[in-house]
Structure formats: structure tokens, C-alpha cells
Amino acid sequence: MTPGIDVTLGEVAASLTLVAIAIAISRWSSAELEGEMGIAVLRSFVQLTAIGYVIQLIFDDGSLWLVAALLATSIGFGTLTARSRAHKVPRPTLPLLIALTAAAATTIGLVLVLGIFEASARYLVPVGGMVIGNAMTASAVALNRLGDEFAQGAGEIEATLALGATARQAALPHLRRSLRSGTIALIDSTKTTGLIFFPGTMVGMLLAGADPVDAVRLQLILLWVLLGAAAISALVSTALAYRGFFTDAQQLRDPPPP
Amino acid sequence: MLFELEGVVLARGGRRVLDGFDCRIRAGVSALVGPSGSGKSTVLRLLDRLSDPDAGTVRYRGTDVRLRDPLELRREVCLVPQLPALLAGTIADNIAFAADLAERQPDHDALLGHAGLDPAYGGRDVSQLSVGEKQRAMLARALALEPRVLLLDEPTSALDPGARSAIEATIARLADELDVSIVLVTHDLEQARRLAAWIVRVEAGRAAGEGEAEELLLT
């Protein structure tokens, strides 16, 4: 364990007290969230424990190919998870896969080229995981909104097509709103960081006994990298996915009812 | 003939909305008349390729519309939908958007005038307009393309009788003053008679008759 912190399994188990309180509140208020909470606790325990061992293996081996395989798997799961939020969008899988890959490749590539992090498993695994997770959330929210925009705005979109506008011109106001939806949460949390909440990396470093200034610097890098990743992911996913709503003849596949 | 439809079939959600639709639409002011759900709005959407038929042919001035570039066709044959759907911003923004698409220099005052709106309306935000004003703004925006044909889908269905008469007067004036043909969809036979010289009657996805308004409405 790191010198500043030593966590036993008993202490981890003790933190379940709070989950027990949450479950009690859910039962008392008939919110019926007990099952969901139980599944969430179980999944987080199994998934994190498993990934902990996998990461340990990758760190011990040091192979960048293993890092790439782990990140590719994360992108795959991220795509599937985001797809379930984009059920109103026709054929969202490929746009999501490209968006997550583009976000991960650009941001990780950039921090390596700029020399912010060295190309080692110790940096690439946690940073890559955070980047892909945030990119997934951003594109899932953006495509979810895009689906709603096309469902509710079909009349306006077709009225614009009727003027001889291209599919892109007709979709543009809706693309903008979707892009905004996908990135606004991260922009807001970046704005309020340090005032309302302390981000995870910084907290982790402080708990592990790091110098606060170092912790802050690393956190700033991560915040800005994540902001870029979210924007790239939302932009690429919406820019590719909107085409699925239109035919080659610039018609809506699912026109508004007459 | 301005438009000819031959053996047009179009299904939607497993239902045949048009089932062997044949008709001719003449230049000038024509009307597609029929009850709600008869398929007349669907015909209108086929005329500027907002949809393509599953079978059959739609011809505009003798050419299959599928051989035309859809964007060019829609700027020449412009559809104004039943429900006003303007872009966010002012009426002038909407007119400028359409004029840019057709690479025209819009005369805002003249366009507003043709649509029966005072020139002062140009700066009005579309969210502050009544339904009738929005309908007129849609008309002004369509005219900014300088189309050869206007397709008007139930242009007065959402209006009170006073506003309806005013829009009808505007449509009649447009046909007289501008070199533009108008195809009007309406469920109102009387309105078709007041405005159109050529009428196609639409019933259950088929054309039940077509001809000069006076002759057809006597039968």
C-alpha cells in the first residue's frame, strides 16, 4: 500500500453502512431503488476487484500492447453502454465507436506528444479509463438528446428541407443543442471544481500523501483533457449519427405525421 | 401538365396511404380536395421529393422527379407545411436563410407585402407571432426562394374565419401578381372552388376525379 493510506477489506465493508442507510431511505419512501442499489454495489465490487487484478498484471508486465487492449475493451463496453441511451437514433453503434476512439486517441496522443505523461501503463491506464468514461457519458447524453430533437422537431426539420436546405443545414440547430447537452455537465463541473467539489484524482493523491500543489496540477491537466475528450466525443458522435435520420435524397426517413 | 402522377403507391407503417394514385395537375392554381387521411398531403410531399413512392412515377414538367437534384427541385417547387415551423430568430432571419439557399437577394418589404404582412414585421421574433402571422411568415420565407410552384398544405386549417379569408385573399393575389403556380391541399370544397381553377378529388388513397373546378364540382 502507499505510505499515506492503508485500506483493509473490513474498512471497505464498513463503508457499506452508508449504502444500508440509502436502502433504508429508499424503502421508507417507497422509491423502490433497493434492487438497483444492490446490483450497483455488487457490480462495482466485482468489476473493480477484477479490473484491479488486471491492472496489476498490466503494470507488472509493462507492455503497451496490453494497455491498448485494455483501452480498446473499455471503448467497446463504452460504445455498448452509450448505445442503450441512444435508442431513438438509427444505427448509433458505428458513430459512437468512432467518437470514443477519436476522443481517446486525440487526447491520449496529445498528452503524450506534449510530454505531460510518459508512455507507460501507470499513466495510460488510469488516464485512458477516465477519458473513455467521460467521452462515453458525453456522447450518450448528446445522442439521447439528438433522438429527442428529431422526434420533436421533425416538422421543423422537414419544413427546412422543403426550402431546398441540405440535411446538415436542416439538422444544424438540433445538432448544436445536442452537442451542448453532451458537454454542459462537464463544463459546469469544471467551472465549480474546487468551490463545490474536489475531483477524484486530487482527493486520491491527497489521501495518498502527495503534495497538494502537485495534486492540483495533475488534476488541472486531467480536467482539461477530459473537457476536450467530452467535446470531441459529443461532436463526432452527433456529426456522424444525424446522417442516419436522412436518406440519400435528403429526406427524413421517419417524416412527421401528416 | 405541371405534374403527372402514374400508379403511385406509398405505404407507411404497414398501411397503403396511396394505392394506385393517378392524376394530372395543371399550371395555375390547382387544389387537391378530400377528407382527412385520404392521402392528399402525402401527394404534396411527393411533388417536391420529401418522400419517394414505393411504386409509380411522379413527373414535374414531363421529367421524373427522381432524375432531378432534390435540393434544386425543392427550391423551384417549394412546400409550405400545414403547421408553421419557422427557425428560431426573426422573420427577417428566416427570409434571409431561404434567400441564401437559393442565392437570391431578398427584398424583405416586398416579400412581407406579398405574404400580407406589414414591413415592420421583419424584426419580429417568430416566437411572438400568432398562428396566422406564422403562416404568413412561412409564405414570405417560401417566396424568398422565388419558386415557380408553391405547394400549400391546408394553409388555413388552423385559422379563424377572419384570418382564413385574409389568407385566401393573399393566395389569390399571389397567383395574379407573381409568375407562380399554386397547388393547394384542402379538405374544404368551397375553399377549393373559391381559389382553384383545376381540382383533383382525393379519396382513400386514390384520385376520384380531376378537371376544371366548375365542371368537377357540379358532378
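See the structure shown above.
Now for a look at the structure at hand. (Residues numbered from 1 in each chain as written. Chains lettered and ligands numbered in written order. Predicted model: local features only at pLDDT ≥ 70, side-chain atom pairs only at ≥ 80, totals over all residues.)

## A closer look at helix H3 (residues 34-61) of chain A
Residue and element names in this part refer to chain A. Condition: Secondary structure counts use DSSP, requiring at least four H or I residues in a row for a helix and at least two E residues in a row for a strand, with both numbered from the N terminus. Multiplying 1.5 Å by the helix residue count minus one yields the expected span of that helix. Between the buried cut of 20 or more and the exposed cut of 12 or fewer other C-beta atoms within 10 Å of a residue's own C-beta lies the partly exposed class, and all C-beta atoms are placed from the backbone.
With 28 residues, H3 extends 40 Å from end C-alpha to end C-alpha; this agrees with the ideal 40 Å at 1.5 Å per step. A small share of H3 lies buried, amounting to 1 of its 28 residues. Immediately downstream of H3, the backbone of Gly 62 shows phi near 80°, a positive value.

## Concerning the environment of Trp224(A)
Here Trp224(A) lies in helix H10 (residues 212-241). For the pair formed by Trp224(A) and Thr190(A), sequence separation is 34 residues and the distance between their alpha carbons is 8.2 Å.

## Remarks on the interface of chain B and chain A
Applicable threshold: We call two residues in contact whenever the C-beta atoms placed from their backbones are within 7 Å. Charged means Asp, Glu, Lys or Arg here, nonpolar means Ala, Val, Leu, Ile, Met, Phe, Trp, Tyr, Cys or Pro, and polar covers whatever is left, Gly included.
In this assembly, 23 residues from chain B lie in contact with 17 residues from chain A. Contributing elements (two or more residues each) for the side of chain B that touches chain A: helix H1 (40-47), helix H2 (70-76), strand S6 (77-80) and helix H3 (91-101) of chain B. For the side of chain B that touches chain A, the leading source of residues is H2(B), giving 5 residues. Classifying every residue of the side of chain B that touches chain A by side-chain character gives 14 nonpolar, 3 polar and 6 charged.

## Things to note about the sheet that holds strand S4 (residues 55-60) of chain B
All names here are of chain B. We apply this condition: Any two strands are treated as partners once DSSP identifies two or more bridges connecting them.
Within the open sheet, the 4 strands sit side by side as S2-S1-S4-S5. Their pairing is antiparallel. Edge positions in the open sheet fall to strand S2 (15-25) and strand S5 (63-64), since each of these has one partner strand only. Direction of pairing for S4 relative to S5: antiparallel, over a ladder of 2 bridges. The partner of Arg 59 across the bridge, within S5, is Asp 64.

## Considerations on the sheet that holds strand S9 (residues 198-203) of chain B
Residue and element names in this part refer to chain B. Filter applied, for reference: For helices, the fitted axis covers only the stretch in contact; all axes are lines through C-alpha atoms, and the angles between them, taken along N-to-C directions, range from 0 to 180 degrees.
With respect to topology, 6 strands assemble into an open sheet ordered S6-S7-S8-S3-S9-S10, the strand pairing being mixed. Two strands close off the open sheet at either side, each with one partner strand: S6 and strand S10 (206-212). Averaged over all pairs of adjacent strands, the angle between their axes in this sheet comes to 15°, without regard to strand direction. The pairing of strand S7 (residues 149-153) with strand S8 (residues 181-186) spans 5 bridges and is parallel. If you follow Leu 150 over to S8, its bridge partner there is Ile 182.

## Overview of the pairing of strand S1 (residues 3-12) of chain B
Residues and elements named next belong to chain B. Both S1 and S2 contribute to a ladder of 8 bridges, which runs antiparallel. Looking across to S2, one finds that Val 9 is bridged to Asp 19. Where S1 folds back onto S2 in an antiparallel hairpin, the turn is made up of 2 residues, including Gly 13, whose phi is positive at roughly 55°. Sheet topology places S1 next to S4; 5 bridges connect them, and they run antiparallel. Across the sheet, residue Glu 6 finds its bridge partner in S4, namely Thr 57.

## Notes on the nonpolar core
What tends to happen in soluble globular proteins is that the nonpolar side chains get buried as a cluster. Filter applied, for reference: In these notes, a nonpolar core means any group of buried Ala, Val, Leu, Ile, Met, Phe, Trp, Tyr and Cys residues linked to one another through C-beta atoms within 7 Å.
Judged by nonpolar contacts, the single largest core of 122 residues is most densely connected at Leu100(A), Val131(A), Ala135(A), Cys78(B), Ala140(B) and Leu151(B). Here the element with the most residues in this core is helix H6 (residues 121-152) of chain A; it accounts for 15 residues.

## Concerning helix H5 (residues 131-143) of chain B
All names here are of chain B. For H5, which comprises 13 residues, the first-to-last C-alpha distance of 18 Å matches the rise-based estimate of 18 Å (1.5 Å per residue) to within 8%. Looking only at H5, the buried set comprises Gln 135, Arg 136, Ala 137, Met 138, Leu 139, Ala 140, Arg 141, Ala 142 and Leu 143. Residues of H5 that are buried sit in contact with S6, H3, helix H4 (108-114), S7 and helix H6 (161-177).

## Observations concerning the packing of helix H8 (residues 167-192) of chain A against H10(A)
Any two packed helices are characterised by how steeply their axes cross, that is the angle between the axes, and by the distance between the axes. All names here are of chain A. For clarity, the threshold we go by: Roughly parallel covers angles under 35 degrees, roughly antiparallel covers those over 145, roughly perpendicular covers 65 to 115, and oblique covers all other angles. By convention, the crossing between two helices is left-handed when the near helix turns anticlockwise from the far helix through less than a right angle, and right-handed when the turn is clockwise.
At a minimum axis distance of 9 Å, the contact between H8 and H10 shows a crossing angle of 165°. What the angle tells us is that H8 and H10 run roughly antiparallel. The way H8 lies across H10 gives a crossing that is right-handed. For the pair H8 and H10, contact is made by Leu 175, Ser 178, Leu 179, Gly 182, Thr 183, Leu 186, Ile 187 and Thr 190 and by Leu 223, Leu 226, Leu 227, Ala 230, Ala 231, Ala 234, Leu 235 and Thr 238, respectively. Of the residues in the contact of H8 with H10, the class split is 11 nonpolar, 5 polar and no charged.

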